Amino acid sequence: MIDGRTRTCGLIGNPVEHTMSPAIHNTLAQAMGENLVYVPFPVPQGHLEEAVKGAWALQLSGLNVTVPYKSQVIPFLRELDPLAEKIGAVNTLVRTEDGFKGYNTDMPGLYRAMCRDGVSIEGERVLLLGAGGVARAVAILLLEKNAREIVLLNRTPEKAEQIAAEVNALAGRQLARALALSDYVTLPERERYLAIQATSVGMFPHVEDAPLEDPDFYRRVHTGYDLIFNPAKTKFMSLVEAGGGRACNGLKMLLYQGVIAYELWTGATVGRKLEETAYQAMKQAMGI
Ligand code: ATR
């Protein structure tokens, strides 16, 4: 029941119509007895600063930030969490005494999702497909969580090289290297890798596409983690399974970036049972 004490959180982005976040947050608030509502706010280009200031003035407790504002929002924040600073992208704002503090819960969300799926990063040799903003963030997560080796594979190898150089500078050693997609053939044949799919290839409606089609690539993969959640089973995942590996999608990452944001806004810890409740609500909102 909304009353005079209801706290508001929300999402700023453009567009925001297809977000699943209200299903996650409103389900959690209801289940936990928190007097809080979560609302999407479309913010037209050129109005981001006003939106952040207005949200502050309206006493909003927190915001999520989505495309295209995840980096653009940073100058309007009072404080930045160190991980968000390294990644250079913020998806969660938390109200503090004198402004909003920016966090990135996408990568901690991916990490929690991988933990729940029983996929570990520490000590792993990882093939990271892609070199866009998402792949760059994943590369930093892999560094933070002590992957043994990171091989960045991208259609445009120069972009992968740039990320590898950044990661190596942060690591202080040669942790990451870059290859063109087709150069996976130069990887040692006996190795089995965790492959993280961070390109946009295979996303609805292009469900028949995968960044690599060659079965020889997939034979090297023990686990394939696709960050795409629509479709729930991508071509990449089917190819991983055909090669004898285990495949996961990005649905749980989506859930946990929300769960972690909710925990930051409320100070509550969302238990396993409520995680599951929110997961079901999110999938229902998606029609799956
Ligand atoms: P995001 O912010 O989601 O990471 P992005 O920065 O546009 O989005 O990055 C998209 C990624 O998907 C890039 O790695 C891109 O490869 P390029 O760097 O070569 O552009 C990859 N990608 C997109 N379409 C692709 C395609 N048809 N084949 C292979 N890779 C593709």
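Residues numbered from 1 in each chain as written. Predicted model: local features only at pLDDT ≥ 70, side-chain atom pairs only at ≥ 80, totals over all residues. Heavy atoms only, no water.

## Structural notes on the overall build of the chain
Phase 1 of the analysis: Counting secondary structure elements, the chain contains 10 helices and 12 strands.
Phase 2 of the analysis: With the C-alpha coordinates aligned to their principal axes, the bounding extent of the chain is approximately 65 × 40 × 30 Å.
Phase 3 of the analysis: A burial count over the chain gives 51% of its 288 residues as buried.
Phase 4 of the analysis: Restricting the contact set of the chain to residue pairs at least 6 apart, pairs at least 24 apart contribute 70%.
Phase 5 of the analysis: Across the chain, the 29 positively charged side chains and the 32 negatively charged ones have centroids separated by 4 Å. (Helix = DSSP H or I, 4+ residues; strand = E, 2+ residues; numbered from the N terminus. Buried < 20%, exposed > 50% of the residue type's maximum accessible area, 1.4 Å probe, protein only. Contact = heavy atoms within 4.5 Å. Lys, Arg positive; Asp, Glu negative; His and termini not counted. Charge placed at Lys NZ, Arg CZ, Asp CG, Glu CD.)

## Here we look at the domain arrangement of the chain
Phase 1 of the analysis: Taken as a whole, the chain is organised into domain 1 (7–104 + 252–286) and domain 2 (108–249).
Phase 2 of the analysis: For domain 1 and domain 2, the distance between their C-alpha centroids amounts to 26 Å.
Phase 3 of the analysis: Contact with domain 1, which involves 16 residues of that partner, is made by 14 residues of domain 2.
Phase 4 of the analysis: Contact with domain 2 buries surface across domain 1, with Lys86, Lys252 and Met253 losing the most and accounting together for 38% of the total. (Domains from an automatic or database assignment. Buried area = accessible area lost by both parts, 1.4 Å probe.)

## Some remarks on the site of the ligand
Phase 1 of the analysis: Taken together, Gly130, Ala131, Gly132, Gly133, Val134, Asn154, Arg155, Thr156, Lys159, Thr199, Ser200 and Val201 make up all the residues around the ligand.
Phase 2 of the analysis: In this structure, an oxygen atom belonging to the ligand sits 2.4 Å away from a side-chain N or O atom of threonine 156.
Phase 3 of the analysis: Between the ligand and the protein, one listed contact pairs an oxygen atom with a side-chain N or O atom of lysine 159 at 2.7 Å.
Phase 4 of the analysis: Protein burial of the ligand: of its 650 Å² of free accessible surface, 64% is covered by the chains. (Near = heavy atom within 4 Å. Polar contact = N/O pair within 3.5 Å; in protein donor to acceptor, adjacent residues only side chain to side chain. Areas by Shrake-Rupley, 256 points an atom, 1.4 Å probe, with all protein chains shown as cover.)

## Topic: the sheet that holds strand 4 (residues 79–80)
Phase 1 of the analysis: One open sheet holds the six strands; their spatial order is 2-1-3-5-6-4, and the pairing between them is mixed. Where the open sheet ends on each side, the last strands, each with one partner, are strand 2 (36–42) and strand 4.
Phase 2 of the analysis: Here four bridges tie strand 1 (residues 7–13) to strand 3 (residues 62–65), and the two strands are oriented parallel to one another. Across the sheet, the residue bridging to isoleucine 12 is valine 65, located in strand 3.
Phase 3 of the analysis: In the packing of helix 1 (residues 21–32) onto the sheet, the strands contacted are strand 2 and strand 3, and the crossing angle to strand 2 comes to about 165°.
Phase 4 of the analysis: Against the sheet, helix 9 (residues 251–266) makes contact with strand 1, strand 2, strand 3, strand 5 (92–96) and strand 6 (99–103), and its axis sits at roughly 5° relative to strand 5, the strand it touches most. (Pairing = 2+ DSSP bridges. Axes fitted to C-alpha atoms, helices over the stretch in contact; angles between N-to-C directions.)

## With respect to the packing of aromatic side chains
How two aromatic rings sit relative to each other is set out by the distance from centre to centre and by the angle between their planes.
Phase 1 of the analysis: Inspection of every chain in the model, using the stated rule, returns five aromatic pairs.
Phase 2 of the analysis: With centroids separated by 6.0 Å and ring planes inclined at 35°, the aromatic side chains of tyrosine 38 and tryptophan 265 adopt a geometry described as tilted. Residue tyrosine 38 is found in strand 2, and its partner tryptophan 265 is found in helix 9; the two are separated by 227 residues along the sequence.
Phase 3 of the analysis: Overall, the relative accessible area of 4% leaves tyrosine 38 in the buried class.
Phase 4 of the analysis: Taking the relative accessible area as the measure of exposure, tryptophan 265 reaches 7% and is therefore buried.
Phase 5 of the analysis: With a centroid separation of 4.9 Å and 90° between ring planes, the pair formed by phenylalanine 217 and tyrosine 218 is classed as edge-to-face. The pair formed by phenylalanine 217 and tyrosine 218 is uniform in burial state, with each residue classed as buried.
Phase 6 of the analysis: Three or more aromatic residues joined by ring pairs make a cluster, and in this case those are Tyr184, Phe217, Tyr218 and Phe236.
Phase 7 of the analysis: The residue whose ring lies beneath arginine 95 is tryptophan 56, and the NZ or CZ to ring-centre distance is 3.7 Å.
Phase 8 of the analysis: One Lys or Arg, lysine 145, reaches over the ring of tyrosine 111 and ends 4.1 Å from the middle of that ring. (Phe/Tyr/Trp six-rings, centres within 6.5 Å; stacked < 30°, edge-to-face > 60°. Lys NZ or Arg CZ within 6 Å of the ring centre and 35° of its normal.)

## Some words on the packing of helix 5 (residues 133–144) against helix 6 (residues 157–171)
Phase 1 of the analysis: Orientation of helix 5 relative to helix 6, taken along the N-to-C sense of each, is 30°, at an axis distance of 10 Å. In terms of axis orientation, helix 5 runs roughly parallel to helix 6. Between helix 5 and helix 6 the crossing geometry is right-handed. Two secondary-structure elements touch here, helix 5 through Arg136, Ala139, Ile140 and Leu143 and helix 6 through Ile163, Glu166, Val167, Leu170 and Ala171.
Phase 2 of the analysis: Looking at the contact of helix 5 with helix 6 residue by residue, the class counts come to seven nonpolar, no polar and two charged. (Parallel < 35°, antiparallel > 145°, perpendicular 65-115°, else oblique. Left-handed = near helix turned anticlockwise from the far one by under 90°. Nonpolar A, V, L, I, M, F, W, Y, C, P; charged D, E, K, R; others polar.)

## Remarks on the nonpolar core
Phase 1 of the analysis: Ranked by size, the top nonpolar core spans 59 residues in total, and within it Leu110, Leu128, Leu142, Ile150, Ile196 and Tyr225 carry the most contacts.
Phase 2 of the analysis: Here this core gets nine residues from one element, more than from any other, and that element is helix 9.
Phase 3 of the analysis: Both domains that meet at this core, namely domain 1 (7–104 + 252–286) and domain 2 (108–249), each give it at least three residues.
Phase 4 of the analysis: Discounting chain neighbours no more than four positions away, the residues touching leucine 110 are Val138, Leu141, Tyr225, Leu227 and Met253.
Phase 5 of the analysis: If you look at the next biggest cluster of nonpolar residues, it comprises 20 residues, including Val151, Ala210, Leu212 and Tyr218. (Core = buried A, V, L, I, M, F, W, Y, C linked by side-chain atoms within 4.5 Å.)

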